Amino acid sequence: GRADSAWEDFRKSRAIFQSLKRLRGGEKWKYFDEICAKRQANVFHCNLMMSASTSMQGRKELLARMRDMKVAADVVTYSTFIDKAVKGGSMDVAEQALDEMAAVGIQPNAYTFSALIDGYGKRK
């Protein structure tokens, strides 16, 4: 029934997540591209990739890709994006992401605010 189907979906999603955690560099992105092509990627997989991304451009492209795939970003997605923007010295990008969060109705959490406070504290 529905419960069995939901459980199977969860198991598949967890297996994908575990594979993404294990893989490194280009292999991780290649596997992610494959699961996206099969429409198997969900917000948890995308959040892991957001964390793994090493460039601002890559993170922006991932957000756009999520929108294209109809995978809704969540507070973890945006908080990770904001944290990485702050650490990269891009407070303006972090603030834009915070504005986007508000526009789509996602409430910032303590992690979001901590990243922003860290960035404002380091501003000269």
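Preceding this paragraph is the structure being described.
Fair warning: this is a prediction, and the values are worked out from it, not measured in the lab. (Residues numbered from 1 in each chain as written. Predicted model: local features only at pLDDT ≥ 70, side-chain atom pairs only at ≥ 80, totals over all residues. Heavy atoms only, no water.)

1. As for the environment of S5
Next up, step 1: Within the secondary structure layout, S5 lies in helix α1 (residues 2–22).
Next up, step 2: Sequence-wise, S5 and A73 are 68 residues apart; in three dimensions their C-alpha atoms are separated by 24 Å. (Helix = DSSP H or I, 4+ residues; strand = E, 2+ residues; numbered from the N terminus.)

2. Considering the pattern of salt bridges
Next up, step 1: Overall, the coordinates contain four salt bridges when judged by the stated rule.
Next up, step 2: Between E100 and R67 there is a salt bridge; the shortest N-O distance is 3.0 Å. Of this pair, E100 sits in helix α6 (residues 91–103) while R67 is found in helix α4 (residues 56–69), placing the two residues 33 residues apart along the sequence.
Next up, step 3: For E100, a relative accessible area of 28% puts it in the partly exposed group.
Next up, step 4: Between D83 and K87 there is a salt bridge, with the nearest N and O atoms lying 3.1 Å from each other. With D83 and K87 both in helix α5 (residues 75–87) and four residues apart, the pair spans about one turn of that helix. (Salt bridge = Lys/Arg side-chain N within 4 Å of Asp/Glu carboxyl O. Buried < 20%, exposed > 50% of the residue type's maximum accessible area, 1.4 Å probe, protein only.)

3. Considering helix α7 (residues 110–122)
Next up, step 1: Taking 1.5 Å per residue, 13 residues should reach 18 Å; α7 reaches 18 Å between its end C-alpha atoms and fits that length.
Next up, step 2: Within the span of α7, buried status applies to T112, A115, L116 and G119. Within α7, the buried residues cover an arc of 95 degrees as seen down the axis, which keeps them to one side. Residues of α7 that are exposed and point over 90 degrees away from its buried face: A110, I117 and G121.
Next up, step 3: Here the buried face of α7 lies against α5 and α6.
Next up, step 4: A side-chain oxygen of the first residue of α7 lies 3.0 Å from the backbone nitrogen of Y111; this N-cap is N109. (Expected span 1.5 Å × (residues − 1). Arc of directions from axis to C-beta. Contact = heavy atoms within 4.5 Å. Polar contact = N/O pair within 3.5 Å; in protein donor to acceptor, adjacent residues only side chain to side chain.)

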